[in-house]
Amino acid sequence: MDFEIVDLNAIEIMDSRGNPTVEVECTLSCGIKARAGVPSGASTGVHEALELRDGDKKRFGGKGVLKAVNNVNEIIAPELIGADCREQAAIDLEMLELDGTPNKSKLGANAILGVSLAVARAGSHVCDLPLFAYLGGSCANSLPVPNMNIMNGGCHANWQGADFQEFMIAPYGASSFRESFEWGCEVYHALKALLKDKGMSVGVGDEGGFAPQVSSNREPLDLIVKAIEQAGLKAGPDVGIAADPASTEFYKNGKYVLNTEKRELTSAEMVAYYKDLVADYPFCLLEDGLAEDDWEGWKILNAELGQTIELVGDDLFVTNVERIQRGIDENCANSALIKLNQIGSLTETIAAIRLVIRKGWGAFVSHRSGETVDSFIADMVVGFDCGKIKTGAPARGERVEKYNQLLRIENTLGTAARYAGKNAYVRGVRF
Ligand code: PGA
Ligand code: ZN
């Protein structure tokens, strides 16, 4: 039988920050081999599935993943050898049972995810289908808006200024993915020239965005608007702005502490702060405007801005259907960030995507700040018609590889390809 898993082999590789991560290779009886690499976050939410690290301070400051590697090779592999690689859900559920904990703390979400993705990729190869079509079927043809994180702050940068972690551009006004990516690259280069002109640093953060010192959270927004215009585009109609303040990182004792502005704001005051930003800049999306357990604050945020822009929960929902369902029941947001390693298996990730789409919410597919060159999420976003992706700046190989994979997919689809554009955002765009 061609589809039978005959080997699963994990090794420890390095991610884009020089930290160890898990890579799994799946071998089928027909000889096909497929690999997957597991990403890793820095501003991780406390409710995420557990990323198993060795804790042995003598290796990588405790960040080794040999325990997770061993769990694949010694515990998961013997269980799954002989399984049909196309039975993704059954395979994922079997690993969940084998783990038996609510947050994958026995085997590690990194061990489980590596196997889950390698098995899916092997399935696409043996079925002789591109991964996006294997995942999403023969009608999958929607290319996402690339939300490109061109200025990095917070814990992704050596940045003594802005509190916000990510300032993204959304070239939604283009007519194809290729054109939108080109626009994004041009804005990125215009921004670099602008920063150089001003004598500001053009060193980049973890996700490839520039990370100079700035004096407020508005300064990066002003710089980006200027760069959009210098690239010959219109801020608003052509290119919108999205931000991920990753506010859990600056939520201290019930207050949002904005160091750049020397202010401490309540949840309601923080919402008013965002309302002013949305009035002054062409925002289409705001992620993690409030902290991971500030459910009451999120209700205010959604009441005030939820009809105007897309409000995405990342640390709030952690790609977990139970937390997303609570958000739906309590009207806390209108979109969920989708990160494979937050929940730890492909089947559960797809369940989260399906839940939000069924409820008319957005599904915003995301990389992590620590990445490998694995481009699985590019195929996933097309397969499930999520409409938008964030995978950093058009710089640093592990970021660009995802965008390049989307170029390849668009090319494969040819005239059948459709660009999600302005409709990708749950509230559309205001221009
Ligand atoms: P992380 O950041 O991968 O470091 O968690 C990404 C995000 O907060 O969206
Ligand atoms: Zn985030």
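A quick note: this is a predicted structure, and the numbers were derived from the prediction, not measured. (Residues numbered from 1 in each chain as written. Chains lettered and ligands numbered in written order. Predicted model: local features only at pLDDT ≥ 70, side-chain atom pairs only at ≥ 80, totals over all residues. Heavy atoms only, no water.)

## Structural notes on the overall build of the protein
Within the protein one finds 13 helices and 17 strands. In terms of overall dimensions, the protein is globule-like: its C-alpha atoms have a radius of gyration of 21 Å, near the 22 Å expected for 431 residues. For the protein, the spread of C-alpha atoms along the principal axes amounts to about 60 × 50 × 45 Å. Sorting the 431 residues of the protein into buried and exposed places 62% on the buried side. For the protein, the accessible surface area stands at approximately 15700 Å², while carbon and sulfur atoms represent 47% of it. Looking at the protein, you have 43 positive and 60 negative side-chain charges, and the mean spots of the two groups are 4 Å apart. (Helix = DSSP H or I, 4+ residues; strand = E, 2+ residues; numbered from the N terminus. Rg over C-alpha atoms; globule rule 2.2 N^0.38 Å. Buried < 20%, exposed > 50% of the residue type's maximum accessible area, 1.4 Å probe, protein only. Areas by Shrake-Rupley, 256 points an atom, 1.4 Å probe, with all protein chains shown as cover. Lys, Arg positive; Asp, Glu negative; His and termini not counted. Charge placed at Lys NZ, Arg CZ, Asp CG, Glu CD.)

## Examining the pattern of salt bridges
The tally for this structure, following the rule as stated, stands at 26 salt bridges. For D206, the salt bridge is made with R17, and the minimal N-O distance between the two is 2.7 Å. One end of the pair, D206, is in the loop between α5 (177-197) and α6 (219-230); the other, R17, is in the loop between β1 (5-14) and β2 (20-28), with 189 residues separating them in the sequence. Take R17: its relative accessible area is 25%, and that puts it in the partly exposed class. The closest approach of N and O atoms between R408 and E401, which form a salt bridge, is 3.2 Å. (Salt bridge = Lys/Arg side-chain N within 4 Å of Asp/Glu carboxyl O.)

## Re the domain arrangement of the protein
Taken domain by domain, the protein comprises domain 1 (5-128) and domain 2 (142-424). The gap between the C-alpha centroids of domain 1 and domain 2 is 27 Å. On the side of domain 2, 31 residues touch domain 1, which itself brings 33 residues to the contact. Both faces considered, domain 1 and domain 2 share a buried interface measuring about 2500 Å² in area, 52% of it formed by carbon and sulfur atoms. Ranking the residues of domain 1 by area buried against domain 2 places S16, S43 and H47 at the top, with a combined share of 25%. For the salt bridge of K104 with E348, the shortest nitrogen-to-oxygen distance reads 3.0 Å. Remark: the boundary between domain 1 and domain 2 carries 22 residue pairs in polar contact (both at pLDDT 80 or more). Taken together, the elements giving at least two residues each to the side of domain 1 that touches domain 2 come down to β3 (33-37), α2 (88-99) and α3 (109-126). (Domains from an automatic or database assignment. Contact = heavy atoms within 4.5 Å. Buried area = accessible area lost by both parts, 1.4 Å probe. Polar contact = N/O pair within 3.5 Å; in protein donor to acceptor, adjacent residues only side chain to side chain.)

## Digging into α2
Taking 1.5 Å of rise per residue, 12 residues should cover 16 Å, and α2 covers 17 Å from first to last C-alpha, within 8% of that figure. Buried positions along α2 lie against β1, α1 (66-80), α3 and α11 (346-358). (Expected span 1.5 Å × (residues − 1).)

## What about unusual backbone geometry?
Here K262, not a glycine, exhibits a phi torsion of approximately 50°, which is positive. If you trace the backbone, K262 turns up in the loop between β10 (255-258) and β11 (263-265). The backbone of T319 shows a phi angle near 55°, a positive value even though the residue is not glycine. Its location among the elements puts T319 in the loop between β13 (310-313) and α9 (321-329). A relative accessible area of 1% places T319 in the buried class.

## Considerations on α3
Here α3 is 18 residues long and its end C-alpha atoms lie 26 Å apart, about the 26 Å a rise of 1.5 Å per residue gives. Across the 18 residues of α3, 17 count as buried, placing the element largely inside the fold. Just beyond α3, the residue with positive phi is D128, at close to 60°.

## What about the sheet that holds strand β6 (residues 148-152)?
One open sheet holds the nine strands; their spatial order is β5-β16-β15-β14-β13-β12-β8-β7-β6, and the pairing between them is mixed. Of all the strands in the sheet, just β5 (145-146) and β6 have a single pairing partner and so form its edges. Of the strand pairs in this sheet, strand β8 (residues 240-244) and strand β12 (residues 283-287) are connected by three bridges, and their pairing is parallel. Among the inter-strand pairings, I241 is bridged to a residue of β12, identified as F283. (Pairing = 2+ DSSP bridges.)

## Observations concerning the nonpolar core
Of all hydrophobic cores here, the largest spans 141 residues; its most connected members are L191, M270, Y274 and M380. Taken together, domain 1 (5-128) and domain 2 (142-424) each give at least three residues to this core, which thus spans both. Residues within four places of M270 in sequence aside, it is in contact with F164, F250, Y256, L258, L265, G289 and L290. (Core = buried A, V, L, I, M, F, W, Y, C linked by side-chain atoms within 4.5 Å.)

## Observations concerning the pairing of β10
Inspection of the sheet shows strand β9 (residues 251-252) paired to β10 by two bridges, in the antiparallel sense. By the bridge assignment for β10, Y251 is matched with Y256. The loop that links β9 with its antiparallel partner β10 comprises two residues; one of these, N253, has a positive phi angle of about 50°. Two strands pair when backbone bridges link them, and β10 and β11 are joined in this way by three bridges, in the antiparallel orientation. By the bridge assignment for β11, L258 is matched with R263. In sequence, β10 turns back onto β11 through a hairpin of four residues, with K262 there showing a positive phi of about 50°.

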